[in-house]
Amino acid sequence: MINKIRLFLQKSFITGILTTLPLFVTFWFVLFIFEKFSGFFLPYLFLINHYFGISMPYYMQKFISFFLVILIFISVGVAARNYFGRKILKLITVSAEKIPIVRSIYSSIRQVVEAFQTAGGGSFKKVVMIEYPRQGLYSMGFITKDTSEFINEATGEVCVNIFIPTTPNPTSGFVLIVPKKDIIDPGITVDHGIKFIISAGIVEPDYQKPENKNVS
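One structure accompanies this document, and this report is about it.

Calculation rules
- Residues numbered from 1 in each chain as written.
- Predicted model: local features only at pLDDT ≥ 70, side-chain atom pairs only at ≥ 80, totals over all residues.
- Heavy atoms only, no water.
- Phe/Tyr/Trp six-rings, centres within 6.5 Å; stacked < 30°, edge-to-face > 60°.
- Helix = DSSP H or I, 4+ residues; strand = E, 2+ residues; numbered from the N terminus.
- Axes fitted to C-alpha atoms, helices over the stretch in contact; angles between N-to-C directions.
- Parallel < 35°, antiparallel > 145°, perpendicular 65-115°, else oblique.
- Left-handed = near helix turned anticlockwise from the far one by under 90°.
- Contact = heavy atoms within 4.5 Å.
- Buried < 20%, exposed > 50% of the residue type's maximum accessible area, 1.4 Å probe, protein only.
- Salt bridge = Lys/Arg side-chain N within 4 Å of Asp/Glu carboxyl O.
- Pairing = 2+ DSSP bridges.

A word on the packing of aromatic side chains. For the coordinates displayed, the defined rule picks out ten aromatic pairs. Here Phe34 and Phe66 contribute two aromatic rings whose centre-to-centre distance is 5.0 Å and whose plane-to-plane angle is 50°, an arrangement assigned as tilted. You can see Phe34 sitting in helix H1 (residues 2-38) and its partner Phe66 sitting in helix H3 (residues 58-80), a full 32 residues away along the chain. Between Tyr83 and Phe84 the ring centres are 5.4 Å apart and the planes differ by 80°, which places this aromatic pair in the edge-to-face class. Among the aromatic residues, ring-to-ring pairing joins Phe34, Phe37, Phe63, Phe66 and Phe73 into one connected group.

Put into structure tokens, the structure is as follows:
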């Protein structure tokens, strides 16, 4: 009887952890983002309050600071969607790439961000599977682009470049040059493929029946 109660409590405890863990991690992440963003304009708000003699609660200053940061992001997004905004952002980008130390950091971060802009036919074109690291074992990857002609001529095959990400950090990984005839289409979207990688295979992707087993 005691063993049954102990086993029941143990299973309930584990179930409780697994149930609340996603909520806790989500709450912690949102709180972390809020704390980082809300502190950006706090020194300036403090000076304004002191200069004008305003008595503003601390929590209100944090919300205002957070709102200003979000407003800046929206403004940059709006600017990036029009001609003159793109010109200004391109000028800033070119300037950043000319500064020795800033150039290496900026370029690395920009490449990672651009690699994961998957919406609207971005860098990742399709989720595929290949037999890797040996026959009988399968790895999931993302087609980034068709392989250059000189590589196709060197291999004697029509190939594609496939990025194989690591779990749970999909920003690291390696690139394989794989013949198209050896690629399998699992029939899932890029977004679901990324979720599958990040979750270490726990989150099952939604299946979409592929037109062909092999990617043409």
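So, on to the packing of helix H2 (residues 42-52) against H3. Between H2 and H3, the least distance of the axes is 9 Å, while the angle of their chain directions is 125°. The pairing of H2 with H3 is recorded here as oblique in orientation. Every pair of crossing elements has a handedness; the one defined by H2 and H3 is right-handed. Note on element contacts: H3 touches H2 through Tyr58, Gln61, Lys62, Ile64 and Ser65, opposite Leu42, Leu45, Phe46 and Asn49.

Along the chain, the position of Pro43 falls in helix H2. Here Pro43 falls in the partly exposed class, since its relative accessible area comes to 47%.

Okay, the pattern of salt bridges next. Applying the stated criterion to the full structure yields five salt bridges. Where Asp185 meets Lys126, a salt bridge forms, and the shortest distance between an N and an O atom there is 3.3 Å. With Asp185 in the loop between strand S4 (173-179) and helix H7 (190-198) and Lys126 in strand S1 (residues 126-131), this residue pair connects regions lying 59 residues apart in the sequence. Take Lys126: its relative accessible area is 30%, and that puts it in the partly exposed class. Residue Lys180 pairs with Asp146 through a salt bridge whose shortest N-O separation is 3.9 Å. One end of the pair, Lys180, is in the loop between S4 and H7; the other, Asp146, is in strand S2 (residues 138-146), and 34 residues separate them in sequence.

This paragraph deals with the sheet that holds S1. What the four strands build is an open sheet, ordered S1-S2-S3-S4; its pairing is antiparallel. Whereas interior strands pair on both sides, the edge strands pair on one side only; in this sheet they are S1 and S4. Here the strands of the sheet are splayed against their neighbours by 45° on average, with no regard to which way each runs. Direction of pairing for S1 relative to S2: antiparallel, over a ladder of six bridges. The partner of Met129 across the bridge, within S2, is Met140. Across the sheet, H7 lies against S1, S2 and strand S3 (159-165), angled at about 140° from S2, the strand it touches most.

Quick look at the side chain of Asn152 now. Assignment of secondary structure puts Asn152 in helix H6 (residues 149-155). In this structure Asn152 comes out as buried when scored by relative accessible area, which is 10%. Look past the residues within four positions of Asn152 in its chain and what remains in contact with it is Thr147, Glu157, Val158 and Cys159.

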